[in-house]
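Below, each chain spelled out in residue letters.
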Amino acid sequence: MAAVTEDFAKKCEVKQNETLGRYVVAATNIKAGETVLLEQPVLLLANNGDRRCCNCHQLTSSFCGKCRLMPLCADCVEHHGPDCRRLAELQLQEQQVEQLQAHTEVCSALKYLLLREHAEKRSHYEQLLQLEAHLARRRDTDIWRSYRAEVIEPLQASGLLLQLRNGAEIDEELLQRLLAIADINGFEIRAPESGGAMRGVYMTAALFAHSCLPNLVTAVDEQRRIKLYANRIIAAGEILYNCYTDILLGTDERRRILKTGKCFDCQCARCTDPTELGTHMSSFVCSHCTGGYIVRQPESGLWQCLLNAEHTLKPEFVANVLERAKEEVFHAREDIYRLELLLAKLGRLLHGNHYVMLDLKQNIASILRQILQNMAHRPNRKVYERKIRLCQEILLVLKVVAPGISRLKAIALYELANTQAELGRKLYSEQEHDAADLLAELQQTEIMTRESLRMLLYEPISTPEGQLARNMLRELKELQNDMKMLQQPNDDVVI
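Residues numbered from 1 in each chain as written. Predicted model: local features only at pLDDT ≥ 70, side-chain atom pairs only at ≥ 80, totals over all residues. Heavy atoms only, no water.

### Regarding the overall build of the protein
From N to C terminus, the protein includes 16 helices and 14 strands. Summarising its shape, the C-alpha atoms of the protein cover approximately 85 × 60 × 50 Å along the three principal directions. By the burial criterion, 51% of the 495 residues in the protein qualify as buried. Long-range pairs, those at least 24 residues apart, make up 63% of the contacts in the protein with a sequence separation of at least 6. Within the structure as shown, the protein displays about 24400 Å² of accessible surface, and the carbon and sulfur contribution to it stands at 49%. For the protein, the distance from the average position of its 61 positive side-chain charges to the average position of its 66 negative side-chain charges is 1 Å. (Helix = DSSP H or I, 4+ residues; strand = E, 2+ residues; numbered from the N terminus. Buried < 20%, exposed > 50% of the residue type's maximum accessible area, 1.4 Å probe, protein only. Contact = heavy atoms within 4.5 Å. Areas by Shrake-Rupley, 256 points an atom, 1.4 Å probe, with all protein chains shown as cover. Lys, Arg positive; Asp, Glu negative; His and termini not counted. Charge placed at Lys NZ, Arg CZ, Asp CG, Glu CD.)

### A look at the UniProt feature "domain: SET" (unreviewed entry) in the protein
The sites that UniProt annotates as "domain: SET" (unreviewed entry) are residues 10–245. Strand forms 19% of residues 10–245 and helix 30%; the C-alpha atoms that close the span are 28 Å apart. (UniProt positions renumbered as here; feature names shortened; annotations may be inferred.)

### Quick look at the packing of aromatic side chains
Counted according to the given criterion, the structure contains five aromatic pairs. Geometrically, the ring pair formed by F284 and W303 is edge-to-face, given 5.7 Å between the ring centres and 75 degrees between the ring planes. In this pair, F284 sits in strand β11 (residues 284–285) while W303 sits in strand β13 (residues 303–305), placing the two residues 19 residues apart along the sequence. Over the face of the ring belonging to Y244 we find K262, whose NZ or CZ atom lies 5.7 Å from the ring centre. (Phe/Tyr/Trp six-rings, centres within 6.5 Å; stacked < 30°, edge-to-face > 60°. Lys NZ or Arg CZ within 6 Å of the ring centre and 35° of its normal.)

### Considerations on the nonpolar core
Here is a general trend for soluble globular proteins: nonpolar side chains tend to be buried in one another's company. Of all hydrophobic cores here, the largest spans 73 residues; its most connected members are L69, Y112, L128, L155, L160, F208 and L240. Considering every element that reaches this core, the biggest residue donor is helix α4 (residues 106–115), with eight residues. (Core = buried A, V, L, I, M, F, W, Y, C linked by side-chain atoms within 4.5 Å.)

### A look at helix α10 (residues 315–331)
Between its first and last C-alpha, α10 extends 25 Å over 17 residues, near the 24 Å set by a 1.5 Å rise per residue. Three or more residues of α10 are buried, namely V318, V321, L322, A325 and V329. For α10, the buried positions fall inside an angular range of 95 degrees around the axis, keeping them on one side. Counted as exposed and oriented over 90 degrees from the buried face of α10: E316, E323, R324 and F330. Those residues of α10 hidden inside the fold are in contact with β11, β13, β14 (312–313), α11 (336–346) and α12 (355–373). (Expected span 1.5 Å × (residues − 1). Arc of directions from axis to C-beta.)

### Section: the sheet that holds strand β4 (residues 43–46)
Spatially, the three strands line up as an open sheet ordered β4-β6-β5, and their pairing is antiparallel. Either end of the sheet is taken by a strand with one partner, and the two such strands are β4 and β5 (187–190). Taken over all neighbouring pairs, the strand axes of this sheet differ in orientation by 40 degrees on average, direction set aside. In terms of strand pairing, β4 meets strand β6 (residues 197–201) through four bridges, oriented antiparallel. Across the sheet, residue L43 finds its bridge partner in β6, namely V201. Sheet strands in contact with helix α8 (residues 172–185) are β4, β5 and β6, and its direction is about 110 degrees off that of β6. (Pairing = 2+ DSSP bridges. Axes fitted to C-alpha atoms, helices over the stretch in contact; angles between N-to-C directions.)

### A few points about the sheet that holds strand β8 (residues 216–220)
Strand order across the open sheet formed by three strands is β3-β9-β8, with antiparallel pairing between neighbours. Because the sheet does not close on itself, it has two edges, and the strands there are β3 (35–39) and β8. Strand-to-strand twist in this sheet, taken as the mean axis angle between neighbours without regard to direction, amounts to 15 degrees. Two strands pair when backbone bridges link them, and β3 and strand β9 (residues 226–230) are joined in this way by four bridges, in the antiparallel orientation. Note on β9: the bridge partner recorded for L38 is K227.

### Examining the packing of helix α15 (residues 435–456) against helix α16 (residues 464–486)
Where α15 contacts α16, the two axes come as close as 10 Å, and the packing angle between them is 155 degrees. One finds that α15 runs roughly antiparallel with respect to α16. Both α15 and α16 take part in a crossing whose hand is left-handed. On α16, the residues that touch A435, L438, L439, L442, Q443, T445, E446, T449, R450, S452, L453 and L456 of α15 are E465, L468, A469, M472, L473, L476, L479, Q480, D482, M483 and L486. Of the residues that constitute the contact of α15 with α16, the class distribution is 14 nonpolar, five polar and four charged. (Parallel < 35°, antiparallel > 145°, perpendicular 65-115°, else oblique. Left-handed = near helix turned anticlockwise from the far one by under 90°. Nonpolar A, V, L, I, M, F, W, Y, C, P; charged D, E, K, R; others polar.)

### Regarding the pattern of salt bridges
The tally for this structure, following the rule as stated, stands at 35 salt bridges. We note a salt bridge from R138 to D183, for which the minimum N-O separation is 2.9 Å. With R138 in helix α6 (residues 135–138) and D183 in helix α8, this residue pair connects regions lying 45 residues apart in the sequence. Taking relative accessible area as the criterion, R138 reaches 4% and is therefore assigned buried. Here D183 falls in the buried class, since its relative accessible area comes to 16%. For R450, the salt bridge is made with E446, and the minimal N-O distance between the two is 3.4 Å. Taken as a pair, R450 and E446 lie in helix α15 at a separation of four residues, close to a single helical turn. (Salt bridge = Lys/Arg side-chain N within 4 Å of Asp/Glu carboxyl O.)

### Section: helix α2 (residues 81–88)
Every buried residue belonging to α2 is among D83, C84, R86 and L87, and all of these are buried. Viewed end-on, α2 has its buried residues packed into an arc of 165 degrees, placing them on one side of the element. Residues of α2 that are buried sit in contact with α4.

### Observations concerning the side chain of H134
Along the chain, H134 falls in the loop between α5 (122–128) and α6. Non-local contacts of H134, meaning those with residues more than four positions away in its chain, are made with I184, K262 and C263.

See the structure below:
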């Protein structure tokens, strides 16, 4: 169930120190795109608050008719036989079952406890206990108290724990440890429904250290195997870094998520640079200085202008602006006119590359994609040019925060190339450009498409990125055919 390829043992070495705990270094030189780990999950868990079928992982509100404790959707007849039989053996009253069913997070705890019930799975359980839990940092926090109320007290009150193997050993400390291991080490993975998410716990993948400038890319296939591959050339002896959070968030937001969810303070090169490597993804516009930007100094925490340190912002003002901005973005999400107005409005306060501005630009570009794909809208030249400009602005940031192989960069580059090609064809069909103009445009498109495809070919075929790569191969052939036709001496070429 937790099979790991031989690649890991050949290419990686696990080490340990006081700062990182256990971590992984390259045992040999690793090429860009080279796989260092391919691993099956030990556990698949719903996100807190969700209830998912333990067989197909669809969202559900129903339970298995046999064991009555594990969620099972109407389309699934049964789940893992030994688990179902073990839970069905428990002597629980109907009221106790209903009480456990009412608490969605109980299911995650049960999945852990079932590992220790079966001899063939017990080694996985023991290995999981070796993963970092940061119990000392979590003790008496909100999450600790929430798990006590939503998981531990219901399980203890039901009498279920004492009916399990060595049940007297299953106390609050153990249960908090198991739940913490999922929080600290779990990877967010795609759920069956579009846009949904769940968690996978992978014992070896959990060993890789974090950086907001990682040298590894993570991908998960349809079998929920995790694949980690190098995004650049990695020299033997280098620490192998994964990224535990969204690289398109600002420093304070990323660090808050890491501190709350993973219990550590990130000290990577990006987090310790007030300008975020010159991208200014968290910077405010200084209202006093022309071309001045106010950034948060990592050591003091003060928001100061880079041109004049006397020009400052209060942290309360910064937090209030961002909270209100995110709320406005959320409410304007499907309205391109509101989004454009909001972009202009926030541009007087935030740097054009601020992560809230990037979110706005991505939303606008997504709506423009839908408009351009529906020719009934009869989009004019300005619509194409607006999307091209947005893609270019997003790419400039991604080239800094996601160097090397990056699916985010690949998708943005594809969107740019595709839109430029379509605009070129439109202008040619309307006789604003001649064949030489269109050929030059398509040649540039081919270069960008090949670069995008090169990065996406490392993604598992079954993922949306893998499917996009296959579509791009077909589009690339069509593009090359169009270019050949344009190079023929024919004045009536139709593209």
